[in-house]
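Chain residues, written in single-letter form:
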Amino acid sequence: LLALPGIGRYTAAAILSIASDQRLPILEGNTIRLFARLIGMLSDTQLGSSQKRLWQLSERLLPANRIGDFNQALMDFGRDICTARNPDCHACPISGYCEAFRNQMQTTIPVRGSKPSYQDLREAIVLIARRDRYLVRKCADGERWAGLWDFPRFDLSSGPWQRRLESEIRKNTGLTVAVEPLNRTIKHAVTRYRIQLDCFQAKSVRGRLANRGYFNWKTVAEIVDLPFSTTGRKFADYYLPARKS
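Cut-off values and rules
Residues numbered from 1 in each chain as written. Predicted model: local features only at pLDDT ≥ 70, side-chain atom pairs only at ≥ 80, totals over all residues. Heavy atoms only, no water. Helix = DSSP H or I, 4+ residues; strand = E, 2+ residues; numbered from the N terminus. Buried < 20%, exposed > 50% of the residue type's maximum accessible area, 1.4 Å probe, protein only. Contact = heavy atoms within 4.5 Å. Areas by Shrake-Rupley, 256 points an atom, 1.4 Å probe, with all protein chains shown as cover. Lys, Arg positive; Asp, Glu negative; His and termini not counted. Charge placed at Lys NZ, Arg CZ, Asp CG, Glu CD. Axes fitted to C-alpha atoms, helices over the stretch in contact; angles between N-to-C directions. Parallel < 35°, antiparallel > 145°, perpendicular 65-115°, else oblique. Nonpolar A, V, L, I, M, F, W, Y, C, P; charged D, E, K, R; others polar. Expected span 1.5 Å × (residues − 1). Phe/Tyr/Trp six-rings, centres within 6.5 Å; stacked < 30°, edge-to-face > 60°. Lys NZ or Arg CZ within 6 Å of the ring centre and 35° of its normal. Disulfide = S-S within 2.5 Å. Salt bridge = Lys/Arg side-chain N within 4 Å of Asp/Glu carboxyl O.

Engineer: Can you explain the overall build of the chain? Please cite residues and give values.
Structural biologist: Helices and strands together make up the secondary structure of the chain, namely 8 helices and 9 strands. In terms of overall dimensions, the chain has a C-alpha envelope of 75 × 40 × 30 Å along the principal axes. By residue count, 41% of the 245 residues in the chain fall in the buried class. A fraction of 65% describes how many contacts in the chain between residues 6 or more apart in sequence connect residues 24 or more apart. By element, 49% of the accessible surface of the chain is carried by carbon and sulfur atoms, the whole surface being about 14400 Å². Looking at the chain, you have 38 positive and 23 negative side-chain charges, and the mean spots of the two groups are 5 Å apart.

Engineer: Any chance you could break down the packing of helix 2 (residues 29-39) against helix 3 (residues 48-60) for me, citing the residues and the numbers?
Structural biologist: For the pair helix 2 and helix 3, the least separation of the axes is 10 Å and the interaxial angle reads 90°. Taken as axis vectors, helix 2 and helix 3 run roughly perpendicular relative to one another. Here Ile32, Phe35, Ala36 and Ile39 of helix 2 lie close against helix 3, whose contacting residues are Gln51, Arg53, Leu54, Leu57 and Ser58. Taken together, the residues of the contact of helix 2 with helix 3 sort by class into 6 nonpolar, 2 polar and 1 charged.

Engineer: So, the environment of Arg208: which residues are in play, and what are the values?
Structural biologist: Within the secondary structure layout, Arg208 lies in the loop between strand 8 (193-206) and strand 9 (215-218). Placed 174 residues apart in sequence, Arg208 and Leu34 show a C-alpha to C-alpha distance of 58 Å. Contacts of Arg208, omitting those with residues within four sequence positions, involve Thr173, Gly174 and Leu175.

Engineer: An account of helix 1 (residues 9-20) is requested, with residue identities and associated values reported.
Structural biologist: For helix 1, spanning 12 residues, the distance from its first C-alpha to its last is 16 Å, which sits close to the expected 16 Å at 1.5 Å a residue. Inspection of helix 1 places Ala12, Ala13, Ala14 and Ser17 among the buried residues, and these make up the whole buried set. Elements that come into contact with the buried residues of helix 1 comprise helix 4 (67-80). A positive phi of about 55° marks Asp21, the residue just after helix 1.

Engineer: Could you give me a rundown of the packing of aromatic side chains, with the residues and numbers involved?
Structural biologist: We describe a pair of aromatic rings using the distance from one ring centre to the other and the angle between the two ring planes. The tally for this structure, following the rule as stated, stands at 3 aromatic pairs. Ring plane angle 35° and centroid distance 5.3 Å describe the contact between Phe151 and Phe228, whose orientation is recorded as tilted. Linking Phe151 in the loop between strand 4 (149-150) and strand 5 (153-155) with Phe228 in the loop between helix 7 (220-224) and helix 8 (230-239), this pair joins segments that are 77 residues apart in sequence. We classify Phe228 as buried; its relative accessible area is 10%. For the ring pair Phe151 and Phe235, a centre distance of 5.1 Å and an interplane angle of 65° mean the geometry is edge-to-face. Highlighted residues: Phe151 in the loop between strand 4 and strand 5 and Phe235 in helix 8, separated in sequence by 84 residues. A network of ring pairs unites the aromatic residues Phe151, Phe228, Phe235 and Tyr239 as a single cluster. Here Arg137 stacks its cationic end above the ring of Phe215, 5.7 Å away from the centre of that ring.

Engineer: Would you mind going over the state of the cysteines in detail, with residue names and values included?
Structural biologist: Working definition: the covalent bond between the sulfur atoms of two cysteines is a disulfide. What the rule picks out here adds up to 0 disulfides. Between Cys98, a free cysteine, and Cys82, which holds the nearest cysteine sulfur, the sulfur-to-sulfur gap is 6.5 Å. Cys98 sits in the buried class, given a relative accessible area of 11%. No disulfide involves Cys139; its nearest neighbouring cysteine sulfur is the one of Cys199, lying 16 Å away.

Engineer: Go over the side chain of Lys218, please, and point to the residues and values.
Structural biologist: Within the secondary structure, Lys218 sits in strand 9. No salt bridge forms around the buried Lys218; measuring N to O, its nearest opposite-charge neighbour Glu222 is 5.1 Å away.

So, in structure tokens, the structure goes:
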């Protein structure tokens, strides 16, 4: 599961513990808050050392069986009782063990660092089609979303967009296209980036595809089975014809 794009430690543990009762701990927003208050954690919960301590606690608390029920109960407990604001400590069955309750620090724990600063990006993504096949590329090592697939995507921080896009497509793929006007904009935040993704479609595609090491023509059926970036998958859902059964 961890080898699948978009699956991290929490998601994998949630799936395996709830679906097949595997003995795996979970750590997400509700349980981080619950555990941090329980042990009176005064450090930023997002620090690596704090995360390690919380994962260890989560692992130690696991019961011998019904792991999935226990993990689900922890998440529900954090959502309904140990809430971010105004936790219902008088209804809490473990308040007698809670360091935050004992020291009246429920409003200051968990401790969170400053919000991360985001880098604003403006990019263009283009649908290029030829004979029921669509141009896609696999993101190389060292790139954002390395190993995932995406449609042709280019920086759009400077214009004019139409001439720039047509030039970038020709330079990167060897294809000569005419880009139609802006059709849709997708906004997406990921890690430290806030992305404005302008969506375009190309017409009158001419020339032979160069740079096949990166770009490939794929059918809709093939694209459905490829692991795409989140915005790439949204773009596909908007523009590709529905897969025929």
